Structure formats: C-alpha cells, structure tokens
Amino acid sequence: MASAIFKEREKQVYLKGSRPFDLECEKESLAGAVSQRACVFCGSRVVLYPIADALHLVHGPVGCAVYTWDIRGALSSGPELHRLSFSTDLQEKDVIFGGEKKLYSALVELIDRHAPKAAFVYSTCIVGIIGDDLEAICRRVSEEKNIPVIPVQSEGFKGNKRAGYNAACRALFRLVGEGSTEGISPYSVNILGDFNLAGELWIIRDYFKRMGVQVVANITGDGRVDDIRRAHGAALNLVQCSGATMDLAVMMKEKYGTPVMRVSYFGIEDMAEALYGIARFFKEPSIMERTQQLVREELSALYPELQRYRKALSGKKAAIYVGGAFKAFSLVKAFRHLGMKVVMVGSQTGTQEDYRELEAITDDGTIIVDDSNPLELSAFLQEKEVDIFVGGVKERPIAYKLGVGFCDHNHERKEALEGFVGMLNFAKEVYSSVMSPVWRFVPKNSQGMLDGLSSHKEKILRCVS
Ligand code: SF4
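Summary of the structure given here. (Residues numbered from 1 in each chain as written. Predicted model: local features only at pLDDT ≥ 70, side-chain atom pairs only at ≥ 80, totals over all residues. Heavy atoms only, no water.)

**Digging into the site of the ligand**
Phase 1 of the analysis: The environment of the ligand is made up of Cys-39, Phe-41, Cys-64, Tyr-67, Thr-124, Cys-125 and Gly-156.
Phase 2 of the analysis: The residue makeup of the shell around the ligand, split by class, is five nonpolar, two polar and no charged. (Near = heavy atom within 4 Å. Nonpolar A, V, L, I, M, F, W, Y, C, P; charged D, E, K, R; others polar.)

See below:
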C-alpha cells in the first residue's frame, strides 16, 4: 500500500488502529496526483442541475458544458429543461476580445425560446481568466426579461469541488425569500441535498405525506424555481448531502431563522432515525404515531427479504469511495446489515468531523482516505481483496479492471437506493454484482477455473480411453 501513496499525501490516508486518529483533509488536491475530485464548476453544476424549469447556461468552452451534460440521473415530474446543455462556446477570439456580447445574445435567445422560470449562468476557468462581468450581464438580462438571471461564480480553478457547492448555494440563496409563504403548514419541511436520482425523492416525499408533513421545496431534485422562492416559509430544513447544501441551510438559518436537521435516507437505521427525528421536532403526537406505523409497516416487509441476501453475502468485503462522507456513514451501516465488512472508506470532500465519525463506526484495519486517486484506490482494493467497490462513474473502471464487483451509488445511478425499499434494492444490486459468475473469468480468479477445466478434460480423456 505504501508504495502507491505519494509522500505529500501520506497524512490523508489513515489505517484504523495503527496510530491515534490524525487524518488531514480539506486541502487542495496534489498537482499531478490525478485526484478523483471534480472542479469547482462541476461542483456547482451537480447541485443546481436538477432544477428542472430553469435555464442552465455554461459560459465557457463547449467542453465544460459537455463534461457536465445531463450529469445526474435526476428525474423530473414535469419540465425537463435542465436536461439540455447550453454553452456560449467561447473561442480564441472571445478570449482576446471578451465574451460578454456573446453571453448577452445567448441568454436573450435562450430565454425567448424556452421561457424558463429563471436562468443560472455558470462561470468557467477561462471566464475567470478573461474577467467577463457576469454579474452585470445577468442583471441587465434579468431587468429586460423580468426573470431571475443568476450568475454562478464557479471558475473551475479557484478551489475544489466544495467551493462549487458554495457557489451553487449562494446562487440559490438569491432566489429564496422572493415568493409568498401563504398556505404553508406549521408542519412543513424543505428537502435539501436530495437530487431525485432514479426517483428517490418521490419515495421520501411519500413517507412525509404519510406522516402528515408538508414539503415546501425540493432543493434541488425535481426542483422548481417558484418552490425555492418560498422555501423560507418552511418550518424546518432537512439537509441530506451536507457538503453540497449545508451552506444554503446556514444562510437560511441566519436570515430567516429556519432550523436545520442533518438526515440520511440511506440504510435502515438512518432512514428510520430521519423520520423519527422529524416527528420529534414537530412535537405533534399524531405525527409520531403515523411515523411509528410507517416504520413498522416498511420494516416488516423489508426484513424477511434482506435475510436471504445476508445469508449469501456474509463475510464478503466492501470498499467505499464517494463524494461526500455523510453518505459513507449510512453505507457502512448498510453493509453491516448484509453481514459484510467495510475494509476501505473514503470521500472527495469529507471534513475532520466526518472522518472522525467514520473512524468511530469502522473496524480496526479499515483504510480511511481523503481525496484519493486511481493509483491509491487500485492498491487498496488489491491489498484488501475486496469483493465489491461502491463509488461513481470514475471509480467503476478501477473496479472492473481489477475484476472486482461494483455498485454505482453516485449521480448516474438508475436504481433508487434511498428509503426502506432502497435498502432492498441496494442488497439486490450488491448481491448481483458480488455473486456474478463473471468474476470466475478474470485473471486473479481464473486459475481455479482452469484447474477445474483441466481435471474435467482429464476425466473425459480417461472415459474416452
Ligand atoms: S471549468 Fe475549468 S476545470 Fe472545470 S471543466 Fe471547465 S476548463 Fe475544466
């Protein structure tokens, strides 16, 4: 393992039990290490992308727009304007003479053509270098077209993905507070940090409906501009993906006094605790009763099914590498329910607090890593002989090249993994990947198969002779 880690990164890797906990994180990525992290622009794009009735215009070279085109499997129950990728396609001439005119024309044309409820204009690396005044162009178009046109200051080079989350939250905060709060129940929430991947948000909204809790705004999965504008009227902000949306929750707390609760909708305990926590917050006995009933019903359907998968998967080893560490907590617990052992866990943007919590819930010998790269991850997977790797699009090829099972738990997933039903889907997916017969054919496992084949061949030859 040691040979795969650059000297400058040694303090960002920790082997639990080897020494007192002292992991470094929240640093800029090491140049040349080929970090798995995305750029600032990408960070802001993944947060804002699921707002389905807004126009998303990337001010920069077409490559930045292509890189983030349809970047999430974020479903919409209505408009799908978010799925189109628009770019000002900056060229050398624009770099020399400036791209403001091009930006103005693109905005006017797109707003006339698509009539969006709002427009987000993303700044990319080159815009940061040439210094186009996004704020001024957006203000001008906003006045002319009478819709919010919001600059997202997300120049790719100005930090890491976390800075992009912050830029997105600042852009969103410009919308909050503009709409009417009429008709909002005292038992109401905003859902922050859920991106409606594979329709997961609809599962969670259904739970809240059964509890008697109103959802004011989904921020940002299946998002609508008008809902976000009245989000300040909700009684509580529920923050799931805390790295991405906690900054918005903090701004809303400071300005509107909206309380914040961190939740996770993944796995059994965290899903149940999220619902009970909300019920406790409202101090309304009927909400608590309905919540207890809901959890009872869901678990009685889930447990017998889960046992089947647990039987097959017990003792298998898992590695986790995700964007935000909060999701990793739930995944560690979810694997325990399947009788599996997590031997490596890491994230792109975890904080000290996140990693301390990971250290507390993992077993001795677990590798905990911040801002990793393909070289390290490959070495960890091999050293720990893992059976399944959980990650996203950039981790998938690492797993497959090493002949290891893979579970997509990131932007692009097509399977709903949230909620109680999501735990069952997760178990099914892990089972299908880990137990797939295809792994018998990869080089590291093929010797046994070849031995089997040759003995089979010998038997046939003996019979024939
Ligand atoms: S913003 Fe910069 S780092 Fe990000 S995709 Fe565009 S050019 Fe690359």
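**Here we look at the sheet that holds strand β1 (residues 13-15)**
Phase 1 of the analysis: Taken together, the six strands give an open sheet; going across it, the order is β1-β12-β11-β10-β13-β14, and neighbouring strands pair in mixed fashion. The open sheet has two edge strands, β1 and β14 (405-408), and neither has a second partner. Ignoring which end each strand starts from, the neighbouring axes of this sheet average 15° apart.
Phase 2 of the analysis: Across the sheet, helix α13 (residues 325-337) is in contact with β10 (317-322), β11 (341-347) and β13 (388-391); its angle to β10 comes to roughly 165°.
Phase 3 of the analysis: Along the sheet, helix α14 (residues 352-361) makes contact with β1, β11 and β12 (367-370), crossing β12 at roughly 170°. (Pairing = 2+ DSSP bridges. Helix = DSSP H or I, 4+ residues; strand = E, 2+ residues; numbered from the N terminus. Axes fitted to C-alpha atoms, helices over the stretch in contact; angles between N-to-C directions. Contact = heavy atoms within 4.5 Å.)

**Here we look at the pattern of salt bridges**
Phase 1 of the analysis: Under the definition given, this model contains 27 salt bridges.
Phase 2 of the analysis: Between Asp-94 and Lys-102 there is a salt bridge; the shortest N-O distance is 3.0 Å.
Phase 3 of the analysis: Classification of Asp-94 by relative accessible area gives buried; the value is 10%.
Phase 4 of the analysis: Between Arg-140 and Glu-144 there is a salt bridge whose closest N-O contact spans 3.3 Å. Linking Arg-140 with Glu-144, this pair stays in helix α6 (residues 134-145), spanning four residues, or about one helical turn.
Phase 5 of the analysis: Connected via shared salt-bridge partners are Asp-206, Arg-210, Glu-297 and Glu-298. (Salt bridge = Lys/Arg side-chain N within 4 Å of Asp/Glu carboxyl O. Buried < 20%, exposed > 50% of the residue type's maximum accessible area, 1.4 Å probe, protein only.)

**A word on the environment of Ala-318**
Phase 1 of the analysis: Along the chain, the position of Ala-318 falls in strand β10.
Phase 2 of the analysis: Residues Ala-318 and Pro-374 lie 56 residues apart in sequence; the distance between their C-alpha atoms is 17 Å.
Phase 3 of the analysis: Once residues lying within four places of it in the same chain are set aside, the contact partners of Ala-318 are Phe-335, Met-340, Lys-341, Val-342, Val-343, Met-344, Val-386 and Ile-388.

**Remarks on the nonpolar core**
Phase 1 of the analysis: Counting residues in each nonpolar core, the largest one holds 66 residues, and the members touching the most others are Phe-208, Ile-320, Phe-335, Phe-420 and Phe-426.
Phase 2 of the analysis: Setting aside residues up to four positions removed in sequence, Phe-420 forms contacts with Tyr-207, Ile-268, Met-271, Ala-272, Leu-275, Leu-294, Val-295, Glu-298, Leu-299 and Leu-302.
Phase 3 of the analysis: Membership of the second largest hydrophobic core comes to 42 residues, among which are Phe-41, Val-46, Ala-65 and Cys-169. (Core = buried A, V, L, I, M, F, W, Y, C linked by side-chain atoms within 4.5 Å.)

**Structural notes on the environment of Met-252**
Phase 1 of the analysis: Along the polypeptide, Met-252 turns up in helix α10 (residues 242-256).
Phase 2 of the analysis: Along the sequence, Met-252 and Val-176 sit 76 residues apart, while their C-alpha atoms lie 8.3 Å from each other.
Phase 3 of the analysis: Residues contacting Met-252, with those up to four places away along its chain left out, are Phe-173, Val-176, Asn-190, Ala-231, His-232, Asn-237, Gly-257 and Thr-258.

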